[in-house]
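Working through the structure, step by step
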Amino acid sequence: MAIQRAIAAEGKVDAGPNWLLRDLMGLAAVLAVAGIGYLLFPNNLALLTRITAIALLVLSLDLVTGYCGIATLGHAALFGSGAYAAGIAAVHFDITDPFAMAAVGAVGGAAAGLLAGAIMLRGRGLAQLVLSIAIVYLFHETANKASNWTGGSDGLAGISPDPVFGIFGFDLWGRTAYVFGIAILAVVFVLLRLLVRSPFGMLCRGIREDPVRVSAMGASVNGTLLRMYAISGAVAGLGGALNAISTQVVGLDSLSFTTSAEALVMLVVGGTGSLFGALVGTLTFMWFEDFVSAINPFHWLTIIGALLIAVVLFAPNGLYGTATQLLHRVWNKR
Amino acid sequence: MQTVFSVGTDALAYGMVLFVISIGLSVTMGLMRVVNLAHGAFAMIGGYIASYATQILGLGYGVAILLAVVGTILIAIPIERFLFRRIYGAPELTQVLMTIGLTFCVIGIANYVFGPTLKTIPLPETLRGPVDLGFRSIAAHKLFAIACGIVVAGALWVLIDKTSFGVKLRASVDNAAMAASLGVRTKIVYAVSSAVAVGLAAFGGIVGAELLPIEPYYALRYMVTFLVVVSVGGAGSIPGALVACLVLGAIDTTGRYLVPEYGEFFFYLAVIAIVCVFPNGILGRRS
């Protein structure tokens, strides 16, 4: 019900001739927030870069959960695959150009997405959820075991990316990593805005609403979902690669169930089925986490738990969805 | 032979503990169609209460079990009434998030109240040490866990197959609307089965405390295991849950004994294989 209302609202937003203007405004907002972050927290750019990388993961999760309606608790498998692909390329194959590493990460993530998607689409409902969990644990154990390639539980260290364009090196301050990450995020964001509005994106939304009807119309449900999974994997893999490039180490936690669950929490706090919601959720969650867990990590768990319950009960469209609804209501009254 | 025997008893004990904890989850999931990730939290609460009762209050093991089961049910009633009832029939994502949120809250509160350390529930004298079976000796608490599993399975079989409540329960699982229109008070069936489910979870948490130690992250660590058991066995099916627990317990324990360096690799590989072949669970009905 709530979801359907959200689509109706978003449908209104997306219709109309000024979608290009909206996208440009969205892009401007992302860049503005990134710039403000750079100016306000020049000593905390590592955190901001991590937020950027996780934002890519949450965006990719939104593609399958928000736009296709697949509930998954294993999306970090794709993020971690991208991170390990980029890291292994750098350490074992001397591919240290940051753009090449990002590309390798995207390919690795897409491959993991195809594999995970092919398994997940075998089930529905509870079975699907359990499959997603089993996949992320399987990836985790595989990375843990293949320590010759991944460094096992010590993490994959020794990644030293080349300077971007041969000029801007990745230094201790993390300025290059931050700008690099924001550039990737901005490009991906624009591409995804185009993707979700394309006929393919509409087909995915149709499948979320009623898969039987879509297949009756002659479209291949599983084929479409699998393609979306591969795209989502590429985006998540980019996020993982960005994390590998900026921190210069890949740990097993990038493939963990906890990361997957947190990504889902971020998405829902921000609002599913809208790319802005994914960004808002990531920013809110990560910033809040950094703030509270510095005081006491267990209070953080209690607060995030209570916040989740509150969001589910009182704001099922997430922060962004609820805010736009309120704005619409105010707008219509005038 | 020695290895086979010890793997066998360990697997059986582990499987039975899993069964006692997750059978309640299976029944309520079959009944209310709620994906409940907070079930492990109730087992943990039971363990904490029992530990508090034995360590601080100095009560006996049996009394502690009783107190913990009743206490956990009392804690669960308002949670069921005010939180879970709102998500019956909601999309899975909503249910997953609500119950994860609840789990996080319970972990945070448990840590705040009891601290991050591992809590033990001292066993009574009779359950300590090995029991001689004539040809082999086996740890008494494992034997106790196996016996508890058998008793619970038997009691549930009698309850569900032989009593009028069981008839109503099965009717509600099959078709709640039809059962209600035939005069079954489904609300009461729901309430009683939720209480039984939570009570069994608490009981399993105490009995299994030696195998699954009680600490704040218990609820998160075994959340997945319980959910997997239900999904593999088929929600709402008691024999299915029993088979799933024994099979998964055997795979997990054998894996740990023979190839410990692979951790839970084989466990999750088996889960993927089983769920792919039986999307509705081994003995689940077609939905």
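The structure displayed is predicted, hence computed values, not measured ones. (Residues numbered from 1 in each chain as written. Chains lettered and ligands numbered in written order. Predicted model: local features only at pLDDT ≥ 70, side-chain atom pairs only at ≥ 80, totals over all residues. Heavy atoms only, no water.)

1. Examining the overall build of chain A
Cut-off, in case you're wondering: Secondary structure elements are defined from DSSP: runs of H or I of at least 4 residues count as helices, runs of E of at least 2 residues count as strands, and each element is numbered from the N terminus. The globule rule used here is 2.2 Å times the number of residues to the 0.38 power, and the radius of gyration it is set against is calculated over C-alpha atoms. Any residue under 20% of the maximum accessible area for its type is buried, any over 50% is exposed, and the rest in between are partly exposed; the area is computed with a 1.4 Å probe on protein chains only. Contacts: residue pairs with any heavy atoms within 4.5 Å of one another.
When you go through chain A residue by residue, the secondary structure sums to 15 helices and zero strands. Scaling as 2.2 N^0.38, a compact globule of 334 residues should have a C-alpha radius of gyration of about 20 Å, and chain A matches this with 19 Å. A principal-axis box enclosing the C-alpha atoms of chain A has dimensions of 55 × 45 × 40 Å. Across the 334 residues that make up chain A, the buried fraction comes to 55%. Contacts in chain A between residues at least 24 apart in sequence constitute 79% of all its contacts with a sequence separation of at least 6.

2. Some thoughts on the packing of aromatic side chains
Our working rule: Only the six-membered ring of Trp is used, alongside the rings of Phe and Tyr, when aromatic pairs are assigned; centres must lie within 6.5 Å, and planes under 30 degrees apart are stacked while those over 60 apart are edge-to-face, with the rest tilted. Each ring is checked for a lysine NZ or an arginine CZ that lies within 6 Å of its centre and within 35 degrees of its normal; such an atom marks a charge sitting over the ring.
With the rule as written, the count across this model stands at 17 aromatic pairs over all chains. One aromatic cluster is present, formed by A:Tyr137, A:Phe257, B:Phe267 and B:Tyr268 through successive ring pairs. Residue placement shows B:Arg81 over the ring face of B:Phe82; its charged tip is 5.7 Å from the ring centre.

3. Quick look at the packing of helix H4 (residues 76–93) of chain A against helix H5 (residues 98–120) of chain A
All names here are of chain A. For clarity, the cut-off: Axis geometry follows a simple rule: fit a line to the C-alpha atoms, using only the stretch in contact for helices, then measure angles between N-to-C directions, giving values from 0 to 180 degrees. Each angle receives one of four descriptions, namely roughly parallel if under 35 degrees, roughly antiparallel if over 145, roughly perpendicular if within 65 to 115, and oblique otherwise. Left-handed describes a crossing whose near helix is turned anticlockwise from the far helix through less than a right angle; right-handed describes the clockwise counterpart. Residues are grouped as follows: nonpolar covers Ala, Val, Leu, Ile, Met, Phe, Trp, Tyr, Cys and Pro; charged covers Asp, Glu, Lys and Arg; every other residue, Gly included, is treated as polar.
The N-to-C vectors of H4 and H5 enclose an angle of 140°; their axes lie 7 Å apart at closest approach. By the angle between their axes, H4 is oblique relative to H5. Relative to H5, H4 is oriented so that their crossing is right-handed. Taken together, the residues of H5 that come into contact with H4 (itself represented by Ala77, Leu78, Ser81, Gly82, Ala85, Ala86, Ala89 and Ala90) are Met101, Val104, Gly105, Gly108, Gly109, Ala112, Gly113 and Ala116. Within the contact of H4 with H5, the residues separate by chemical class into ten nonpolar, six polar and no charged.

4. Observations concerning the side chain of B:Glu215
Note that B:Glu215 resides in the loop between helix H8 (186–207) and helix H9 (218–221). Discounting residues that sit within four places of it in the chain, B:Glu215 has contacts with B:Met44, B:Tyr48, B:Thr117, B:Leu118 and B:Arg221.

5. Considerations on the packing of helix H8 (residues 175–197) of chain A against helix H13 (residues 275–293) of chain A
Residue and element names in this part refer to chain A. For the pair H8 and H13, the least separation of the axes is 10 Å and the interaxial angle reads 145°. Facing H8, whose interface residues are Leu185, Phe189, Leu192, Arg193 and Val196, H13 presents Leu275, Phe276 and Leu279. In terms of residue class, the contact of H8 with H13 is built from seven nonpolar, no polar and one charged.

6. So, the interface of chain B and chain A
Often the size quoted for an interface is simply the accessible area lost on bringing the parts together. Short version of the rule: Buried area: the accessible area, evaluated with a 1.4 Å probe, that two parts lose upon being put together, summed over both parts. Any carboxyl oxygen of Asp or Glu within 4 Å of a side-chain nitrogen of Lys or Arg constitutes a salt bridge here. Polar contacts, as used here, are pairs of N or O atoms within 3.5 Å; protein pairs need one atom able to donate a hydrogen and one able to accept it. Residues neighboring in sequence count only if both atoms are side-chain atoms.
The interface is formed by 42 residues belonging to chain B together with 34 residues belonging to chain A. Carbon and sulfur atoms make up 86% of the area that chain B and chain A hide from each other, which totals about 3500 Å². Our count for the contact surface shared by chain B and chain A stands at zero salt bridges. Viewed at the interface, chain A and chain B are joined by one residue pair in polar contact (both at pLDDT 80 or more). Those elements giving two or more residues to the side of chain B that touches chain A turn out to be helix H3 (61–87), helix H4 (92–114), helix H10 (223–233) and helix H12 (265–277) of chain B. In terms of residue class, the side of chain B that touches chain A is made up of 32 nonpolar, six polar and four charged.

7. Description of the confidence of the model for chain B
What counts is decided by this rule: Per-residue confidence from the prediction method is given by pLDDT, with values spanning 0 to 100.
Across chain B, the average pLDDT comes to 84, with 98% of residues at or above 70. By mean pLDDT, the top-scoring element of chain B is helix H2 (residues 39–55) of chain B (89), and the lowest-scoring one is strand S1 (residues 130–132) of chain B (76).

8. What about the environment of B:Ile138?
All names here are of chain B. Structurally, the position occupied by isoleucine 138 is in strand S2 (residues 137–139). When its relative accessible area of 6% is taken as the criterion, isoleucine 138 is described as buried. As for isoleucine 138 and glycine 101, which are separated by 37 residues in sequence, their C-alpha atoms are 40 Å apart. Apart from residues lying up to four places away in sequence, isoleucine 138 is in contact with Thr9, Gly129, Pro130, Val131, Leu133 and Leu143.

9. Digging into H4(B)
Counting along an α-helix, one turn takes 3.6 residues, and residues three or four places apart therefore face a common direction. Residues and elements named next belong to chain B. Note the cut-off: To estimate the expected span of a helix, subtract one from its residue number and multiply by 1.5 Å.
Taking 1.5 Å of rise per residue, the 23 residues of H4 would be expected to cover 33 Å, and the 32 Å separating its terminal C-alpha atoms lies within 8% of that figure. H4 sits mainly inside the fold: 17 of its 23 residues count as buried. Immediately beyond the C-terminal end of H4, within one or two residues, lies glycine 115, with a positive phi of roughly 85°.

10. Quick notes on the environment of A:Ile245
Residues and elements named next belong to chain A. Within the secondary structure layout, isoleucine 245 lies in helix H11 (residues 221–247). Expressed as a C-alpha distance, the spacing of isoleucine 245 and phenylalanine 170, which sit 75 residues apart in the sequence, is 8.5 Å. Once residues within four sequence positions are removed from consideration, isoleucine 245 is found in contact with Pro98, Met101, Ala102, Pro161, Phe170 and Phe180.

11. Regarding the nonpolar core
The criterion, for reference: Among the buried residues, those of types Ala, Val, Leu, Ile, Met, Phe, Trp, Tyr and Cys that are joined through side-chain atoms within 4.5 Å form a nonpolar core.
Within the largest apolar cluster, 199 residues are counted, with the highest numbers of intra-cluster contacts made by A:Leu73, A:Phe257, B:Ile23, B:Tyr218 and B:Leu227. Per element, the largest residue contribution to this core is 14 residues, and it comes from helix H3 (residues 45–65) of chain A. Not counting residues within four places of it along the chain, the set of residues in contact with A:Leu73 comprises A:Leu129, A:Ser132, A:Ile133, A:Val136, A:Phe257, A:Ser260, A:Ala261, A:Leu264, B:Leu37, B:Val96 and B:Ile100.

12. Some words on unusual backbone geometry
A positive phi is found at A:Asp94, a non-glycine position, where the angle reads about 60°. Tracing the backbone shows A:Asp94 in the loop between H4 and H5.

13. What to know about the state of the cysteines
All names here are of chain B. The condition that has to hold: Disulfide assignment relies on a single distance test, namely cysteine sulfur atoms paired within 2.5 Å.
Evaluation of the coordinates by the stated rule reveals zero disulfides over all chains. Between cysteine 148, a cysteine without a disulfide, and cysteine 245, which holds the nearest cysteine sulfur, the sulfur-to-sulfur distance is 14 Å. The class of cysteine 245 is buried, set by a relative accessible area of 0%.

14. Remarks on the pattern of salt bridges
In this structure the tally under the stated criterion is seven salt bridges over all chains. For A:Arg193, the salt bridge identified is with A:Asp23, shortest N-O distance 3.0 Å. Linking A:Arg193 in helix H8 with A:Asp23 in helix H2 (residues 19–40), this pair joins segments that are 170 residues apart in sequence. The burial state of A:Arg193 is the same as that of A:Asp23; both residues are buried. Here B:Asp10 makes a salt bridge to B:Lys142, at a shortest N to O gap of 2.8 Å. On the criterion of sequence distance, the pair formed by B:Asp10 in helix H1 (residues 2–32) and B:Lys142 in helix H5 (residues 140–162) is long-range, its members being 132 residues apart. Each member of the pair B:Asp10 and B:Lys142 is classed as buried. Salt bridges here are not isolated pairs; linked through shared partners, they connect A:Asp23, A:Arg193 and A:Arg197.

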